[in-house]
Structure formats: structure tokens, C-alpha cells
Amino acid sequence: MTMTILSTKLYIPTPRANVINRQRLFDRLNEGKSRKVILVCAPAGSGKTTLVSCWLRNRTEHAAWVSLDESDDDPARFLLYLIAAIRTIAPSVGDRLLKLLQTPQPPPPELIISNLLNEITGISSPFFLVLDDYQFIASNSLINDAMKLLIEHMPEQLQLVLITREEPRLPTAKLRARNQLTDIRAADLSFTVVETSHYLKRSMELTLSEEHISYLQQLTEGWISGLQLAALTLRGQKEPGLAVQAFTGSHPFVLDYLAEEVLQRLPDLIQQFLLYTSILDRFCSSLCDALLRSEDSRSAGGAAYANANSQETLTYLERSNLFLVSLDNERCWYRYHHLFSDLLRKRLRQSSAFLHADGERLVVDLHLRASEWFEQHGLEMEAFQHAIAAKDTNRAARLVEGNGMPLLFRGAAAPVLEWLKALPKKELDARPSLRLLYASGQLMRGEISNLEAGLQAAETVLEGCEMDERTRDLLGHAAAIRAALAVSRHQAEVIIAESQRALELLRPNNLAVRVSTIWAQGYAYQLQGERDRAGRAYSEALALSQQLGHTVIEMMAMLGIGYIQEAGNQLYQAAETYRRLSLLAGDSPLPASCEAYLGLARVTYEWNDLPSAEQHGQRAVLLAKQLGQMDQAAAALLFLARLKLATKETDDAAVILAEADDLARQLNHVIQLRHIAEVRVSILLQQRNVAAAAHLAREHHLLCSQARVWLAHGDPDAALALLEPLLEQAEAKRLEDERLKVMVIQAAALEMHGQFEAALEQLSYALALGESGGMLRVFLDEGMPIWYLLQRATTKGIMPEYTGRLLTAFKGENGVGERSKHERDEVPWHVSAHLIEPLSDRELEVLRLIAAGLSNREIGERLFLALSTVKGYNQIIFNKLQVSRRTEAVARARSLGLI
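Here the structure is a predicted model, which is why all the values come from computation and not from measurement.

A. Examining the overall build of the protein chain more closely. When you go through the protein chain residue by residue, the secondary structure sums to 49 helices and seven strands. The C-alpha radius of gyration of the protein chain comes to 38 Å, more than 25% above the 29 Å expected for a compact globule of 899 residues. Across its three principal axes, the protein chain shows a C-alpha extent of roughly 135 × 70 × 40 Å. Relative to its 899 residues, the protein chain shows a buried fraction of 58%. At a minimum sequence separation of 6, the contacts of the protein chain that also span at least 24 residues come to 67%. Of the roughly 37900 Å² of accessible surface on the protein chain, 50% is carried by carbon and sulfur atoms.

Quick look at the structure:
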């Protein structure tokens, strides 16, 4: 379920008949066509909206229009309408962004604007974006920051038009200095004597002398609303000239007098219609009927009105030029001019006691009738706002809770939380459902310091209630909130306990809460390594979220499924899931978005596509930092450190890893710290600091890393002793990625131990596990022992296509297998650490021929060396390997991975 967009807010107001052509101002606007921004800033009633709407109708360019109101003073709602307006001229723009804005946690406004700007560049034709009544949201710093970004990076085909009563908090001075601003002010909008004459004679059909026209223009200072009220007052006067002379005072004071004069001349039923409907920001005939034909209104004159027709009244008001503004081309929806609306509401408050025995009750009843009408027509947000205006907490609470999906979860978090925050503590304490919704909102905004206190307050009230279905559901909601809080802290046991309690208590049809709870369960199982259970929970959450239109949970469930696929070595399926997720999320900085890119980075790394892996990894870091999700930023940095390690950029890897470590320590992210320690061990081993690597691996109980350390020490027996139980655990828990990793390290250890057949057998098993996913790096990262084994596998015809791909990839690793005569054969770093002196190229060549079974004479013939020279090489090799015989030399060399 999503928030309904009122299409009436997106229509360009239709000018009234016989509107005055203000060519001098049109020329000003036309001159500014090459500038970024047109600013029309003047007090209410100055004709700003009429001017711009008339000008646009004479232009060939398209225009996207938003009529803003008080409810748009919320970043998500503002951006929702801004994008919806642009879609009236470019329907393909912003489809994904609209979905994201109507989720419980929309992306930051700046990121929505950045994405929107990218999509706008695809619109071929120039167009205007008009924001009318910008003063309603001008004080919102988040909206203004987003607008600054839009203005700064606005593409050429877009021109922004701001219509406002107040100076916007935007860089207008800078724009003016750069000649990027067209500025229309109150003095420019004031009617000249000539324009006043045309207006009074043609639009208002008044015949006045030039002297009287000039007097009215001076009295009102050319203010069109004052002129309109004056003309309405003068209509029907036998001697309008004499009436003009009765007007005195400056135009702000004339307004109240003229308004009273206009209203008093109208029929009682029309006055009642105007006053009753003044509580509405926009209205149609059906809505007006609901306000005026209610049974409750009959005792207050409503019975007399019951025979009238609101549509006829609206037609009369429009024909009479009574400050009615049409909001659509079909003339179904209208609003009053804001100035006139303010006056009517003031008059309603002042005169309600006269119209009804209980004046305050009348206004309350009107808001309640409006709320009921909006609810019946599926406009829950408007129904909620009128319930608040009626101070009907019960009704507002019911509307907030929604029909299966609370307003809080449908892009209305800001107004709902503002209302909840304003409620007295006594009201919240008496309504545990509101307490729980408030806690949900706090969790969404990361305001968790006093969240537990609110949950306990709600539970205290519920404990004294009858344990019926509703009470159980509310207790289940409290448990679901605790489970979600534990997710942010990666507390698997707490998540499972609270989520199980929540699912036992929640109503089966409370899908909005159940879906997030099921996802939380999946995350807990993932943390515990229970991947089958995690996968089932994620799949259930995905199906439910798609049914509900809950985009955030949909993306996070897809992310979980991708992780399970990746962990099961199903890399092609995982990549497809991550790609679909990245397309759904785009560049928006949602947690699932940056993690989708990180998932793609891991997969492409395993496929040995290191440039793509780095690109995806960098994107993940950028999105995570923009979002302020430092735990995800740490995970992405950790990946980039691993990547640098693979390309032998050890110093860069250490620098990046230090940044990841700082972030993880600030967050006390224990799991992440273990992963960081694992990469740091690899860095230390690459730097040949075996002692430090051994200490770190022991400290963090990193068994695979400890096995690699033992191999660096040249002790494959110790490594194998560690690896055997690890393999058994991985097989028992069906941890396919861990199983493959352990098997590859085992194969390397067996090769170094000289158990070549056992090593080759283990490698064969590993190849069988890795082939379906096209896995390469899990083999490449274990170095030369695997290279030697792959060569042997090739000679035995073991999976020739796959082993061939791996050997080709190995050749790309610093030219392994393709060294020129000027290059020294790469000796694994862990070998050099345990030799008295490294073997030279020629010594390695002799050693390999010894291992091949050639005699000293055959070696001399092969290498064109004298027999005595060959024997000299033998002695040097024996000394460096610290052995005394050929067979010992070969065994020692094999254990070190030299051959």
C-alpha cells in the first residue's frame, strides 16, 4: 500500500475568463528564459500564480506544476510531489524513486535529487518546473538543501520557477550575481493605472471615471486582490463613483472592510457554503455536499441548504469571480484563493457561535465530516489531518494504524511522528497502540535511547487488559520492535527469541509487522550459520513484501537470498539476484543498495574480474558513507583491502584496512573485527612477518588463518591437524563456501607434505565444488602449491576445461609460468622465510630436474654443464635446504612448495 498522490496539486491553474494580458511582465519572464531560476516573490493576493499560469499558456514548452501546502513541509512528501509533477510530462522518470519515497525509511533528499537529476538529463525537450506557494516549506532545512543541490546541478533543459510569499532560503544572491535569476517582486506585480482600468472595465464590467480608477489604484497600491474586492463591493451600486470615495485607509486595512462588504451582499446559503467549506484546502462538489448535507448540520441551517447543489454553487462562485481557483481542466476540484480562505476561516471562528449553539463543536463537526469523506475515498493522509484538526484522538489513532499497513510505513512518517510527539504523555500511556507506533517511528529514525522505556510503558498497560486478539497483537508488535532493535546490534539470540514471540502473538493478517519480523529471523539464522533456515525465512519475507508493496523489506529479503546463494557457491544465481536488487534500488543509498554492490564486488572478485570488483566495491563504500551506515562502509573497505592484497598492493591494503578497523571499533562490531583480523593476518604473511601473523591468528581464534601460518612455518602437519575438524564442521552445517575454502587449504598442505596423491584427490573434490560457480580466487589466493597441483591435475586429465581456466588465471598472477630469463622464479614468501638463503634461478632449475629423476650426467647434458658443476650445484642446494641426500632435498622442496 502506498500514499495516494492528489492529482489536483499537479494541475496548472486555469486563468479566469477575461484575464488581463500583462505583456510587460510576460516580456520580463521571457527575457529570463536563459536563466536557471525565475523567482516570483510577493505578498498574498498579488496575482503571482495567475501571472505564471497565464504566461505558461503562451509558451510552447511543457510545464510541471506543484501547488504546495502545509502538509508538504516534509522532505519525503515534498519530493514525492516534485517527482509526480515531472512525470506528468515525462512518465518514465522517477518510477523507482517514488517507491523508495513511500517506504518507512526513505533515502536522504540529496540522494533522491541526485538520482532525479540523472533521469532528467534523459528528457529531450526543455520544460519548466513550477513550485507554487513555496513559503509553506521554505523553513525546512532538508528540503532547502535538496533544492540547492537541484539548482546547482540543474540540466539545461530544466528551468525552475518559484512562486512564494516569502524570500526563499536559497542562494538567490549568488544566482543574481551570476545572472542566473529572474526576479519578479510585489512592485512589479502591482497593477498600473492602465492595467487597473482594463481589469475593472473588462474583467469586472464596471464603468468608472478615470479619476475614480486612479484613486482605487492608489488606494490599493495596484494590489489585485484589493482591486477585486473593491470591484465586487461596487457591483450593483447605483452610483459606484460615490461608493469609491467612501473607501479610505491603506490597502491592508481596506481588505477586511471590503471582505465584509462582499460577504454581507451574498445570499445566506452562499455565505454558509463559503464558511463551511473554508476548512478545506481543496474540494469538489461531493466533498462540499458531505459538509453541508450532514444530518448534524440541519439544526444549524443545513436543512435549508439540503435542497441546494454544491456543484451549482461552485459554478456560481466561479462565474462571480469570488476568489475560486480551478485545480483541474474538468473543473471538478477547486480551492479558494489563500488570502480569501484565511479571511473565511477567521470569519467562521468569529461567527460560529451565531451559526450554532456550540460554535467550537461546529468547526469540529466540519473537520470530522471531511475526515470521513476523505477516508471513504481512500485519502487516508487527508482524513488523518482533519481528524487531528477535530482533536479526535481516537479517530486519528485508528487512521494512523491503517488498514493492514500503518501510515507510518507508507511515506507519512514525519507528520505521524510529529503528531505522536505532540500528544500528552497521558494520552500515549492510555493508548499502547500509539506508544508502539511511536517506538516504531523512533526505531526508523535511529532514536533508540529511550525506546525501551516506551515499550515497557505500553506493556505495563497491556498487562492489565484482557488477553484478547488485539492485546496479543500489540504485545507481538512490542516483541517485533525489540527484534528489529536487536538486528541493528547483530544480536542473533535476542532476534530469534523476540521474533518467535512476536510471530506467536501477532494476528495472521498483521502482515506489515509480520513481514519485517520474518526477515529479522532470517538475518539471525544467517548470523548463526543456519543458512537453510535463513533462506526459507528470506523467501517468505520476499513473497509477503511483494504482496504488500513493502519495497525496503523486498530489497533486504533479496539481499539475504543473494547472500545464501553466494555462500552456497551458487555465484551465477547470486550475481543475478544482486543485479536485480541493484536495478531495483539504483544508486539510492539504502542499506540493501550498497550491500547489493558489495555482493557483486565479492562475486566478480571470485571470478577474478578484479576491475569490476573494485568498481562495485568503491560504489558500495560511497553509498554506505552517504547513508551514514558506517558498519556497511567498514565491510566495503574490508573488501577493498582484500582486493589490494590480491594485487600485491600490500601497503595500500594495510591503509584501507586501518580505516575499516577504526569504523568497526567505533561501532563495537565484533563480527566485523574478526574478519578484519583475518585480512590483517594475510597482510602480515605477505609482508613475511610470520610471528605477528601467528599471534593475531591465535588471539582471534582464526583457525584457517592459523593453518596458513603453519604452512608459512613449513609445518603442514600442524596445519592439517587444524583443518580436519574445520572441514567436518563445515560439512555438518552445510557451509559450502567454508567447506571449499578448507579443502583448498588442505590440498595445499598435503602437497607441501609430499602426499601428492592425497593432495590431488582433495583438489579434485574442491574443483568439483567450485566449477558450477566458476570460482577462481579461492584457488588463486592459496598460491604456488595449488599451481603445482593444477599442473599435475592437467597431466591426469582431471576436469581439463576448468583446470585450464585456473592455470590461465595463475599465469596472470605476476606472470606465473611465463617468466623471462631476466626474472627470478617466484618463490613463495613463506619459503624464503625458512631458507638459509633463497635458491637462485639455476639452482631451482637443477632441483626440478633432480625431482624429475634425472641423474647428474643427464642434468649436465640437459643444461650444458660439466658434471663437476652439476655436483657443485647439488651441494649448494643441499646446504640451503639443510639436507644431505637427493631424496631429502626433493621432499623438503615439495613441503616448501618449491616444486
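There's plenty left to go through after this.
B. How the structure looks around the pattern of salt bridges. In total, this model carries 42 salt bridges according to the counting rule given. Measuring nitrogen to oxygen at the nearest pair gives 2.7 Å for the salt bridge that ties aspartate 69 to arginine 282. With a gap of 213 residues between them, aspartate 69 in the loop between β2 (62–67) and α3 (75–87) and arginine 282 in the loop between α14 (268–277) and α15 (285–292) connect regions that are remote in the sequence. For the pair aspartate 69 and arginine 282, a shared accessibility class is recorded, and that class is buried. Salt bridges linked by common partners bring Lys9, Asp69, Asp72, Arg77, Arg282 and Glu382 together as one network.

C. Highlighting the sheet that holds strand β3 (residues 127–132). One open sheet accounts for five strands, arranged β2-β3-β4-β1-β5; its pairing is parallel. Unpaired on one side and paired on the other, β2 and β5 (181–185) mark the two borders of the sheet. Averaged over all neighbouring strand pairs, the angle between strand axes comes to 15°, with direction disregarded. Sheet topology places strand β1 (residues 37–41) next to β5; five bridges connect them, and they run parallel. Each residue of the ladder has a partner; that of cysteine 41, found in β5, is arginine 185.

D. Looking closely at unusual backbone geometry. At arginine 688, a position not held by glycine, the phi torsion is positive, near 65°. Relative to the assigned elements, arginine 688 resides in the loop between α36 (670–686) and α37 (690–699). Accessibility expressed as a relative area gives 48% for arginine 688, which makes it partly exposed. Here arginine 734, not a glycine, exhibits a phi torsion of approximately 60°, which is positive. Here arginine 734 lies in the loop between α39 (716–733) and α40 (736–753). Judged by its relative accessible area of 55%, arginine 734 falls in the exposed class.

E. The environment of tyrosine 788, seen in detail. Note that tyrosine 788 resides in helix α43 (residues 784–795). With relative accessibility at 8%, the residue tyrosine 788 sits in the buried group. When the C-alpha atoms of tyrosine 788 and alanine 44 are compared, they prove to be 83 Å apart, with 744 residues separating the residues in sequence. Discounting residues that sit within four places of it in the chain, tyrosine 788 has contacts with Glu751, Arg848, Gly897, Leu898 and Ile899.

F. Structural context of the packing of helix α38 (residues 703–712) against α39. At a minimum axis separation of 7 Å, α38 and α39 run at an interaxial angle of 160°. Classified by the angle their axes make, α38 and α39 are roughly antiparallel. Here the hand of the crossing between α38 and α39 comes out left-handed. Touching Leu703, Cys704, Gln706, Ala707, Trp710 and Leu711 of α38 are Pro716, Ala718, Ala719, Leu722, Leu723 and Leu726, all from α39. Residue classes in the contact of α38 with α39 are distributed as eleven nonpolar, one polar and no charged.

G. Highlighting the packing of α40 against α43. Between α40 and α43, the least distance of the axes is 9 Å, while the angle of their chain directions is 85°. In terms of orientation, α40 lies roughly perpendicular with respect to α43. Contacts between α40 and α43 involve Val744, Ala747, Ala748, Glu751 and Met752 from the former and Pro785, Ile786, Tyr788, Leu789 and Arg792 from the latter. Tallied by class, residues from the contact of α40 with α43 come to eight nonpolar, no polar and two charged.

H. Quick peek at the pairing of β2. Among the six residues that make up β2, five are buried, leaving the element largely enclosed by the rest of the structure. Of the strand pairs in this sheet, β2 and β3 are connected by six bridges, and their pairing is parallel. Its bridge partner being in β3, histidine 62 is matched across the sheet by phenylalanine 127.

I. Highlighting the environment of serine 34. If you trace the backbone, serine 34 turns up in the loop between α1 (23–31) and β1. Among the residues examined, serine 34 registers a relative accessible area of 71% and is labelled exposed. Linking serine 34 and leucine 181, residues 147 residues apart in sequence, is a C-alpha distance of 9.3 Å.

So, how was this worked out
Residues numbered from 1 in each chain as written. Predicted model: local features only at pLDDT ≥ 70, side-chain atom pairs only at ≥ 80, totals over all residues. Heavy atoms only, no water. Helix = DSSP H or I, 4+ residues; strand = E, 2+ residues; numbered from the N terminus. Rg over C-alpha atoms; globule rule 2.2 N^0.38 Å. Buried < 20%, exposed > 50% of the residue type's maximum accessible area, 1.4 Å probe, protein only. Contact = heavy atoms within 4.5 Å. Areas by Shrake-Rupley, 256 points an atom, 1.4 Å probe, with all protein chains shown as cover. Salt bridge = Lys/Arg side-chain N within 4 Å of Asp/Glu carboxyl O. Pairing = 2+ DSSP bridges. Axes fitted to C-alpha atoms, helices over the stretch in contact; angles between N-to-C directions. Parallel < 35°, antiparallel > 145°, perpendicular 65-115°, else oblique. Left-handed = near helix turned anticlockwise from the far one by under 90°. Nonpolar A, V, L, I, M, F, W, Y, C, P; charged D, E, K, R; others polar.

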